[in-house]
Amino acid sequence: MSQSYLSKDLYSIVSKSDERVEVILSSADHPVFKAHFEGMPLLPGFLQVDIIAEVLEKDIDAITSAKFVQKVLPKEHLTYTITPTKSGVRVKLLNASEELCGDFKLKWSDKVD
Amino acid sequence: MSIELNSLLEYLPQKAPVGFVKEVLVCEEHESRTVVRFESSPTLSMLSEAGAQSSIFLRLTEEKKAANVPTRAMGMLVSVKSKWLYKSDKKSFEVETNYVSNLDSFFIVSFTVFDGEVAIAEGQIAAVLEQNGVAL
């Protein structure tokens, strides 16, 4: 699995299948959290989407919709659930309290290197 | 009175390596145009974030600054939709954003990413302006 320059060391994978992925985010010392934002570290929405594509080795062709419902903090244990739809996949992002953080409808394809 | 557009970059709350906007080319009430750069070929999500960051420069007009509109407010991204029009492996692009609508602090903005003259991605973002965690 290749990681982007932004996601390197940003998360570690706890478990992984085509239907469910669990990750733990790094501490607030990671450069991404220091940059977004200074004094208020949050996982940027675009990385919420890119992490699941990266873990499952997908290229996103279209973001049909991505809703960012709740702020995602450093060290959080996150669970992605992936459900196929007629036109792509629906990905829900939950925190350790099983609160919905993100709801993404995506069209993706297998990554080609 | 004219303003030095690139002095506006200090208002970008996202810093390197997450701050993608490197130059401000156009900063008007309903339109902005910026140069964005990445360290490697960006994903569609990164281009969408670049659209969101570029949209910050829609509201930094002299009139608004003079009226004490809180230019340091953060725009918390609420939703995004976007698609590739033409995939590019370059690392630098121009992003045009256009105001669509707003209801109080809830803004909708469209964006288009250009590689030279070619539009490579487009989409729409919705964001809420916040200051100290409170919607304005």
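Residues numbered from 1 in each chain as written. Chains lettered and ligands numbered in written order. Predicted model: local features only at pLDDT ≥ 70, side-chain atom pairs only at ≥ 80, totals over all residues.

**Here's the deal with the overall build of chain A**
Definition in use: The numbering of helices and of strands both runs from the N terminus, where a helix is a DSSP run of H or I of at least 4 residues and a strand a run of E of at least 2. With C-beta atoms placed from the backbone, a residue is buried if 20 or more other C-beta atoms are within 10 Å of its own, exposed if 12 or fewer are, and partly exposed between those counts.
The helix and strand inventory of chain A stands at 2 helices and 6 strands. Of the regular secondary structure in chain A, the N- to C-terminal order runs β-β-α-α-β-β-β-β. Along the first, second and third principal axes, the C-alpha atoms of chain A reach 40 × 30 × 25 Å. Taking all 113 residues of chain A together, 31% fall into the buried category.

**Comments concerning the overall build of chain B**
Worth spelling out the cut-off: Contacts are defined on C-beta atoms placed from the backbone: any two residues whose C-beta positions lie within 7 Å are in contact.
A tally of regular secondary structure across chain B gives 2 helices and 7 strands. Traced from its N-terminal end to its C-terminal end, chain B shows the element sequence β-β-α-α-β-β-β-β-β. For chain B, with 136 residues in total, the buried portion stands at 36%. For chain B, long-range pairs separated by at least 24 residues make up 59% of all intrachain contacts whose partners lie at least 6 apart in sequence.

**Some remarks on the environment of Leu58 of chain B**
All names here are of chain B. Along the chain, the position of Leu58 falls in the loop between α1 (44-55) and α2 (62-66). On the basis of neighbour counts, which here come to 21 C-beta atoms within 10 Å, the residue Leu58 falls in the buried class. Sequence separation between Leu58 and Thr97 is 39 residues; the distance between their C-alpha atoms is 7.7 Å. Not counting the four nearest positions on each side in its chain, Leu58 is found in contact with His30, Ser32, Thr97, Tyr99 and Val109.

**Some points on α1 of chain B**
For the record, the criterion: A helix's residues, less one, multiplied by 1.5 Å, set its expected span.
Its 12 residues place the ends of α1 of chain B 17 Å apart at the C-alpha level, agreeing with the 16 Å of an ideal helix rising 1.5 Å per residue. Burial within α1 of chain B is extensive, with 12 of its 12 residues counted as buried.

**What about the interface of chain B and chain A?**
Heads up, the rule is: Ten residue types, Ala, Val, Leu, Ile, Met, Phe, Trp, Tyr, Cys and Pro, are classed as nonpolar, four, Asp, Glu, Lys and Arg, as charged, and the remainder, Gly among them, as polar.
Across the contact, 24 residues belong to chain B and 23 residues belong to chain A. The dominant element in the side of chain B that touches chain A, judged by the number of residues it contributes, is strand β3 (residues 74-84) of chain B, at 9 residues. Taken together, the residues that form the side of chain B that touches chain A break down as 11 nonpolar, 8 polar and 5 charged.

**Quick word on helix α2 (residues 45-55) of chain A**
Among the 11 residues that make up α2 of chain A, 8 are buried, leaving the element largely enclosed by the rest of the structure. Immediately beyond the C-terminal end of α2 of chain A, within one or two residues, lies Glu57 of chain A, with a positive phi of roughly 55°.

**Some remarks on the environment of Phe68 of chain A**
Within the secondary structure, Phe68 of chain A sits in strand β3 (residues 58-68). Phe68 of chain A gets classed as buried once you count the C-beta atoms within 10 Å, which come to 25. Phe68 of chain A sits 29 residues away from Ser97 of chain A along the chain, and the two C-alpha atoms are 16 Å apart. Once you skip the residues sitting within four places of it in the chain, Phe68 of chain A turns out to touch Gly45, Gln48 and Gly102 of chain A together with Leu77, Val78 and Ser79 of chain B.

**Things to note about the pairing of strand β5 (residues 106-115) of chain B**
All names here are of chain B. Operational definition: At least two DSSP bridges between two strands are required for those strands to pair.
Of the pairings in the sheet, the one linking strand β4 (residues 92-103) to β5 comprises 9 bridges and is antiparallel in character. In the strand pairing of β5, Thr97 is matched with Phe111. Count of turn residues in the β4/β5 antiparallel hairpin: 2 residues, of which Asp104 carries a positive phi of about 55°.

Read these as layout, nothing more, since geometry by itself doesn't imply function.
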